[in-house]
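Per-entry structural report
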Amino acid sequence: MELFSLPSLFLVSTLFIFYISKYVLNKRNQRNCFMLHYECYKGQDERKLDTETCAKIVQRNENLGLEEYRFLLRTMVSSGIGEETYGPRNVLEGREASPTLLDAHSEMDEIMFDTLDKLFHKTKGLVSPSDIDILVVNVSLFAPSPSLTSRVINRYKLREDIKSFNLSGLGCSASVISIDIVQRIFETRENSFALVVSTETMGPHWYCGKDRSMMLSNCLFRAGGSSVLLTNAPRFKNRALMKLVTAVRAHVGSEDEAYSCCIQMEDKDGHPGFLLTKYLQKAAARALTLNLKVLLPRVLPLKELIRYAIVRAFKGITTTKGESRSSGIGLDLFSGLDHFCIHPGGRAIIEGVGKSLGLTEFDIEPARMALHRFGNTSSGGLWYVLGYMEAKKRLKKGDKILMMSMGAGFESNNCVWKVLKNLDDKNVWEDSIDRYPETSKIPNPFLEKYDWINDDTMSFVRV
């Protein structure tokens with residue numbers, strides 16, 4: 001007597017295949033991370049830091065002498081920052097030396113709620129605040145109690161079972177860290193929505209001393225931020241802008257110089273601020289190299305990796321003692337990537353990354369323009385760069401974007417997105433995209449108006 005009939009075996013096999021397929025499909029869906037929408041903050045016109053406004057702020061600092069004025073002029077001229085970036089209200093009102101807790105909260109409320117209000121308005125009918133399952137807010141220099149996540153939850157009356165994370169101290173790379181956290185949570189929660197809010201509080205941390213390494217932050221950092229809506233629900237794939245391919249994090253904080261090259265501290269006179277040392281570029285290069293060693297094999301085609309390995313091995317055999325090897329990483333990045341979203345941390349960082357990766361001026365243009373128009377907006381900066389690419393209609397279906405961020409620690413946190421549809425929203429760039437990149441080529445007005453400070457006769461006068 002047969003134990004199983006043929007129809008029974010067929011039924012069992014069918015059920016087995018069904019459940020295995022369902023398990024694999026569920027696992028695949030849990031790894032999904034779709035970007036549904038993002039919003040960047042744009043301040044009001046009265047908050048713009050033009051040449052005259054910056055000069056007034058500098059002149060209020062009674063600790064500065066002639067050499068400090070000359071240093072600031074050189075820094076501003078070479079910074080790559082234009083005249084339309086946005087400053088904190090307390091600094092514009094002349095209260096940078098005595099900021100209040102209310103100043104910090106007001107600055108955060110304006111940026112967070114402005115971007116979230118716009119995000120919920122533009123995704124109305126798709127998602128509502130009550131649908132949010134995960135909330136991540138990253139602000140490095142301000143960690144009040146209740147937390148900023150609690151402030152967002154209270155404002156939008158989010159659900160009681162929401163998973164909230166308040167990140168601080170992570171610097172300019174915190175947005176990619178937040179994306180990575182969301183992706184990992186998605187692996188354990190099906191059909192979920194997540195919000196990532198990235199910004200920084202500038203007003204309470206404006207440096208009022210005369211240490212040149214700490215004066216740099218005043219020249220580079222500006223008010224800004226972003227909010228991003230993510231989901232792992234496969235039914236929203238056709239509505240999504242992009243899909244996350246991979247995210248990689250690298251940390252070189254075990255090295256003392258790397259740890260201290262970008263650090264919050266007080267100067268010798270007790271003025272609090274943010275110290276940026278000359279080692280920062282070296283730490284950034286090392287962290288980025290470690291990151292790309294892991295990330296690039298995940299996104300470049302196998303034939304390119306094999307070609308690279310063969311060429312590298314051949315050079316190792318043929319290179320004689322004392323003969324220098326070719327510069328650059330030696331990989332054809334364009335075999336697996338189409339766009340490079342570089343953190344607009346400063347002109348030196350942008351150009352350094354571009355040179356090391358063999359990128360063209362066209363490739364680094366979005367980062368340079370974001371720096372010129374909005375300044376270094378810390379963790380929110382990447383999204384202004386992405387917005388520029390979209391507003392210029394560069395992003396086409398199937399393109400892959402490498403997002404590169406660096407921050408205090410020292411860290412390099414990068415991710416790759418795949419574009420799911422042709423994108424052309426002018427977003428936060430709506431009023432200025434048609435003027436770029438031409439606007440950035442106009443000579444820096446600081447040099448024209450204040451070059452007299454460099455006159456040798458001024459050495460006998462205290463400004």
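Reference entry: report on the structure contained in this document. Owing to the predicted nature of the structure, the values given are computational and were not obtained by experimental measurement. (Residues numbered from 1 in each chain as written. Predicted model: local features only at pLDDT ≥ 70, side-chain atom pairs only at ≥ 80, totals over all residues. Heavy atoms only, no water.)

Right, let's talk about the overall build of the protein for a bit. In terms of regular secondary structure, the protein is built from 15 helices and 11 strands. Looking at the protein as a whole, 52% of its 463 residues qualify as buried. Sequence-distant contacts, at least 24 apart, represent 81% of the contacts inside the protein between residues at least 6 apart. Split by element, the accessible area of the protein, about 22400 Å² in all, is 55% carbon and sulfur. (Helix = DSSP H or I, 4+ residues; strand = E, 2+ residues; numbered from the N terminus. Buried < 20%, exposed > 50% of the residue type's maximum accessible area, 1.4 Å probe, protein only. Contact = heavy atoms within 4.5 Å. Areas by Shrake-Rupley, 256 points an atom, 1.4 Å probe, with all protein chains shown as cover.)

It is worth spelling out the nonpolar core at this point. Membership of the largest hydrophobic core comes to 122 residues, with the highest contact counts inside it found for L230, W383 and F410. When residues of this core are assigned to their parent elements, the largest contribution, 9 residues, is made by helix α10 (residues 280-299). Not counting the four nearest positions on each side in its chain, L230 is found in contact with C33, F34, M35, I179, V182, F186, S192, F193, A194, V196 and W417. With 17 residues, the next largest nonpolar core counts Y69, F71, M214 and L275 among its residues. (Core = buried A, V, L, I, M, F, W, Y, C linked by side-chain atoms within 4.5 Å.)

Let us now look at the packing of helix α5 (residues 101-122) against helix α6 (residues 148-156). Interhelical geometry of α5 versus α6 gives an angle of 50° and a closest axis separation of 11 Å. In terms of axis orientation, α5 runs oblique to α6. Crossing hand, α5 versus α6: right-handed. Residue-level inspection shows H105, M108, D109, M112, F113, L116, D117 and F120 of α5 in contact with α6, the latter providing L148, R151, V152, R155 and Y156. Across the contact of α5 with α6, the residue classes tally to 8 nonpolar, 1 polar and 4 charged. (Axes fitted to C-alpha atoms, helices over the stretch in contact; angles between N-to-C directions. Parallel < 35°, antiparallel > 145°, perpendicular 65-115°, else oblique. Left-handed = near helix turned anticlockwise from the far one by under 90°. Nonpolar A, V, L, I, M, F, W, Y, C, P; charged D, E, K, R; others polar.)

Here the focus is the sheet that holds strand β10 (residues 400-407). Strand order across the open sheet formed by 9 strands is β3-β2-β4-β5-β1-β6-β11-β10-β9, with mixed pairing between neighbours. Lying at the two open borders of the sheet, with one neighbouring strand each, are β3 (163-167) and β9 (339-342). Neighbour to neighbour, the strand axes of the sheet diverge by 20° on average, direction disregarded. With 5 bridges joining them, strand β2 (residues 134-138) and strand β4 (residues 193-199) adopt parallel strand pairing. Within the sheet, the bridge partner assigned to L135 lies in β4 and is L195. (Pairing = 2+ DSSP bridges.)

S145 connects to P146 through a cis peptide bond whose omega is 0°. Each neighbour pair has its own omega, and for G409 with F410 the value is 10°, a cis peptide bond. Structurally, F410 is set in the loop between β10 and β11 (411-419). Even without being a glycine, K393 presents a positive backbone phi close to 60°. Along the chain, the position of K393 falls in the loop between α14 (381-391) and β10. Despite not being glycine, N427 shows a phi value in the positive range, around 40°.

Let's shift gears to the pairing of β3. Here β2 runs beside β3; their pairing, made up of 5 bridges, is parallel. Bridge pairing links I134 to K163 in β3. Handedness of the β2-α6-β3 crossover: right-handed. (Right-handed = clockwise from strand over helix to strand, strands pointing away.)

As a further point, take the packing of aromatic side chains. This model, assessed by the stated rule, comprises 10 aromatic pairs. Centroid distance F193 to F236: 5.3 Å. Interplanar angle 65°. Geometry classified as edge-to-face. Here F193, found in strand β4, pairs with F236, found in the loop between β5 (225-231) and β6 (242-251); they are 43 residues apart in sequence, far enough to count as distant. By the burial criterion, F193 is buried, and F236 matches it. Between W429 and Y436, the aromatic rings sit 5.6 Å apart at their centres with planes inclined by 85°, giving edge-to-face as the arrangement. Summarising the burial analysis for this pair, W429 and Y436 share the class buried. Each member of the aromatic cluster is reached from another via a ring pair, and the members are Y86, F374, Y384, Y388, W429 and Y436. The ring of F113 carries the charged tip of R155 above its face, separated from the ring centre by 4.5 Å. If you follow R394 out to its NZ or CZ, it ends over the ring of F362, 3.6 Å from the centre. (Phe/Tyr/Trp six-rings, centres within 6.5 Å; stacked < 30°, edge-to-face > 60°. Lys NZ or Arg CZ within 6 Å of the ring centre and 35° of its normal.)

Right, let's talk about the pattern of salt bridges for a bit. Inspection of the entire model under this criterion finds 27 salt bridges. Measuring nitrogen to oxygen at the nearest pair gives 2.8 Å for the salt bridge that ties D103 to R95. You can call D103 buried: its relative accessible area is 13%. In this structure, the salt-bridge partner of D161 is R159, at a minimum N-O distance of 2.9 Å. In this structure R159 comes out as partly exposed when scored by relative accessible area, which is 25%. A single network of salt bridges, built from pairs that share partners, joins D45, K48, E84, R373 and R435. (Salt bridge = Lys/Arg side-chain N within 4 Å of Asp/Glu carboxyl O.)

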